[in-house]
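Chain by chain, the residues:
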Amino acid sequence: MVTALSLVRALLPLVCSAVLCSAIGPPMLSSYAKTEDKLFKHLFSNYQKWVRPIEDLNTTIQVKFGLAISQLVDVDEKNQLMTTNVWMKQEWTDLKLRWDPDHYLGITSIRVPSDSIWIPDIVLYDNADGNFEATVTKAVVRFDGTISWTPPANYKSACTIDVTFFPFDLQNCSMKFGSWTYDGSQVIPLIGEYLVFTMIFVTLSIVITVFAINIHHRSSSTHHSMAPWVRRIFLHHLPRLLCMRSHVDRYATSAGTRTGGLGYGKSLSQDTNQLDAEHNLQAALESIRYITRHVVKENEVREVVQDWKFVAQVLDRVFLWAFLLVSLLGSALLFIPVIYKWASIIVPSYAEITS
């Protein structure tokens, strides 16, 4: 009797512990499951897997894509085919699948069947057996909307095989992947940006051309005299920088030369003694003075016109270099990021896939 009582006393704490654990354990597990179920209902109540998860129609979804070949099954030289088993690593952001972990017991990620969410339609273009889609597996969805999907696939792709140097030949088989329907979504915005850039560029060129033509046709009768700083910059400094011939005043006539010619006319008029000859000579001198003033005036007007034309040529050369520089820089700023993005695509190698 004592032994039985002692045994009961020894087993009583173990029984109580088992009962307590069974009473506490299931509610905690049930609470976590209910929270995850609540999260699924919250995310997929109004979710449409056929609609791209974007906020703006022109927004593109950046998909990170990687490929790891797990097995090279067969290379058919006769039919030019290659059979491979691969793992495709795809990662993108779904704005509709975001949540706050604090509201769901700290759940930061869930596993969702890939046929229940929007997935990028990336296929193998040079597929040879008609099986373009990967296997339906579960995708990992994180609280920030990042989705990671690594489905296995078996592909039979076309491969051009050259056996000229067999058995010392080296074969290069490429596999081209891409989106079947959204492949142009990255190109169209780039073409639009370049088109807008070209339109602005052409509009500015027309405005500047009209301005240069206006400068070219200026004269002393239509505009004021040229400012000293304009003459100094555009007639002396800029031509040397632009490798142009320096402009000089080719029609400058000194006042002393004109006065000297008139003085000679006076000496002729004083040497004659005949009134008729003096009258005729004075008339001739007046005509010469008129012609001289007219020629000098034409030379001055021609010099002003030539100065403005040369300023227009200098402006045209400046705008030529400026437009060439802006065109090269603008094209580089538009295309270099895209080229860099294409060149920086690195296919990751996966030594193993862990769940």
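What you see is a predicted model, and the numbers here were worked out from it, not measured in a lab.

Parameters and conventions
Residues numbered from 1 in each chain as written. Predicted model: local features only at pLDDT ≥ 70, side-chain atom pairs only at ≥ 80, totals over all residues. Heavy atoms only, no water. Helix = DSSP H or I, 4+ residues; strand = E, 2+ residues; numbered from the N terminus. Contact = heavy atoms within 4.5 Å. Areas by Shrake-Rupley, 256 points an atom, 1.4 Å probe, with all protein chains shown as cover. Buried < 20%, exposed > 50% of the residue type's maximum accessible area, 1.4 Å probe, protein only. Pairing = 2+ DSSP bridges. pLDDT = per-residue confidence, 0-100. Patch = residues over 30% accessible without salt bridge, like charges linked within 9 Å, V, L, I, M, F, W, Y side chains within 5 Å. Salt bridge = Lys/Arg side-chain N within 4 Å of Asp/Glu carboxyl O. Core = buried A, V, L, I, M, F, W, Y, C linked by side-chain atoms within 4.5 Å. Disulfide = S-S within 2.5 Å. Phe/Tyr/Trp six-rings, centres within 6.5 Å; stacked < 30°, edge-to-face > 60°. Lys NZ or Arg CZ within 6 Å of the ring centre and 35° of its normal. Expected span 1.5 Å × (residues − 1). Bend = angle between axes of the 7 residues up to and from the residue.

Trainee: Any chance you could explain the overall build of the protein chain here in plain terms?
Mentor: Along the protein chain, the regular secondary structure elements total five helices and eight strands. Along its sequence from the N terminus, the protein chain presents helices and strands in the succession α-β-β-β-β-β-β-β-β-α-α-α-α. Contacts in the protein chain between residues far apart in sequence, at least 24 positions, make up 76% of those at least 6 positions apart. When the accessible surface of the protein chain is split by element, carbon and sulfur atoms take 63% of a total near 24,800 Å².

Trainee: Please explain the pairing of strand E5 (residues 138-142) as it appears in this structure.
Mentor: Consecutive side chains along a regular strand alternate between the two faces of the sheet. Residues of E5 alternate between two faces, with Ala139 and Val141 buried on one and Lys138, Val140 and Arg142 left unburied on the opposite face. Both strand E3 (residues 109-113) and E5 contribute to a ladder of five bridges, which runs antiparallel. Note on E5: the bridge partner recorded for Ile110 is Val141. Pairing of E5 with strand E6 (residues 146-149) involves two bridges; the strand directions are antiparallel. Residue pairing across strands places Val140 opposite Ser148, the latter belonging to E6. A loop of three residues connects E5 with E6, the two strands running antiparallel in sequence, and Gly145 in this loop sits at a positive phi of about 95°.

Trainee: What exactly am I supposed to notice about the confidence of the model for the protein chain here?
Mentor: A low pLDDT means the predicted coordinates there should not be read in detail. Predicted confidence across the protein chain gives a mean pLDDT of 75, with 76% of residues reaching 70 or more. In the model, residues 249-270 has pLDDT below 50 throughout and makes 20 contacts with residues more than four positions away in sequence or in other chains. Within the model, the stretch residues 345-355 combines pLDDT values under 50 with 10 contacts to residues more than four positions away or in other chains.

Trainee: Please clarify how a nonpolar patch on the surface should be interpreted in this entry.
Mentor: The grouping of Tyr194, Phe335 and Ile339 at the surface amounts to a nonpolar patch, some 260 Å² of accessible area in total. In this structure, Tyr194 sits in helix H2 (residues 187-216). When its relative accessible area of 33% is taken as the criterion, Tyr194 is described as partly exposed.

Trainee: Can you help me understand the nonpolar core in this one?
Mentor: Nonpolar side chains tend to gather and get buried jointly when the protein is soluble and globular. Of all hydrophobic cores here, the largest spans 17 residues; its most connected members are Ile110 and Ile117. Listed by contribution, the elements that provide at least two residues to this core are helix H1 (2-44), E3, E5 and E6. Non-local contacts of Ile117, meaning those with residues more than four positions away in its chain, are made with Phe44, Tyr47, Lys49, Trp92, Leu97, Val112, Ala139 and Ile147.

Trainee: Explain unusual backbone geometry here, please?
Mentor: Unlike most non-glycine residues, Gln80 shows phi in positive territory, near 60°. In this fold, Gln80 is placed in the loop between strand E1 (64-76) and strand E2 (81-93). A relative accessible area of 27% places Gln80 in the partly exposed class. In this structure, Leu105 takes a positive phi of about 55° despite not being glycine. What makes Leu105 exposed here is its relative accessible area of 53%.

Trainee: I tried to follow the side chain of Thr146 on my own but got confused; where do I start?
Mentor: By the secondary structure assignment, Thr146 is in strand E6. Beyond its immediate sequence surroundings of up to four residues, Thr146 is in contact with Glu91, Trp92, Thr93, Val140 and Val141.

Trainee: Can you help me understand the pairing of strand E7 (residues 152-158) in this one?
Mentor: Only one face of E7 is buried: it carries Ala153, Tyr155 and Ser157, and the other face, with Pro152, Asn154, Lys156 and Ala158, is open. Bridge count between E2 and E7: seven bridges; the pairing is antiparallel. When the bridges of E7 are listed, Thr83 appears paired with Lys156.

Trainee: What am I meant to see in the environment of Asp115 here?
Mentor: Secondary-structure assignment places Asp115 in the loop between E3 and strand E4 (122-124). The exposure class of Asp115 is partly exposed, given its relative accessible area of 41%. Taking C-alpha positions, Asp115 is 8.2 Å from Lys49, a pair spaced 66 residues apart along the chain. The contact partners of Asp115, leaving out residues within four places of it in the chain, are Lys49 and Val136.

Trainee: Sorry if this is basic, but what is going on with the state of the cysteines here?
Mentor: Cysteine pairs can be covalently joined through their sulfur atoms, and such a bond is termed a disulfide. Applying the stated criterion across every chain, the model contains one disulfide. Disulfide pairing is shown between Cys159 and Cys173; the S-S distance is 1.7 Å. Linking Cys159 and Cys173, the disulfide has an S-S dihedral of approximately -60° and is accordingly described as left-handed. Separated by 14 residues along the polypeptide, Cys159 in the loop between E7 and strand E8 (177-179) and Cys173 in the loop between E7 and E8 bring together distant segments of the chain. Take Cys159: its relative accessible area is 4%, and that puts it in the buried class.

Trainee: Teacher, can you tell me more about the packing of aromatic side chains here?
Mentor: Think of a pair of aromatic rings as described by two things: how far the centres are apart, and how the planes are tilted against each other in angle. Applying the stated rule across the entire model yields eight aromatic pairs. Look at Phe201 and Phe323: their rings are 4.8 Å apart centre to centre, the planes differ by 55°, and that puts the pair in the tilted class. You can see Phe201 sitting in helix H2 and its partner Phe323 sitting in helix H5 (residues 275-343), a full 122 residues away along the chain. Among the aromatic residues, ring-to-ring pairing joins Tyr194, Phe197, Phe201 and Phe323 into one connected group. Positioned above the aromatic ring of Tyr47, the side-chain terminus of Lys96 is 5.9 Å from the ring centre.

Trainee: I'm lost on helix H3 (residues 228-241) in this one. Help?
Mentor: Three- or four-residue spacings in an α-helix give side chains the same orientation, since the helix completes a turn every 3.6 residues. Along its 14 residues, H3 runs 19 Å from first to last C-alpha, staying within 8% of the 20 Å computed at 1.5 Å per residue. Roughly 25° is the biggest bend found in H3, and it falls at Phe234.

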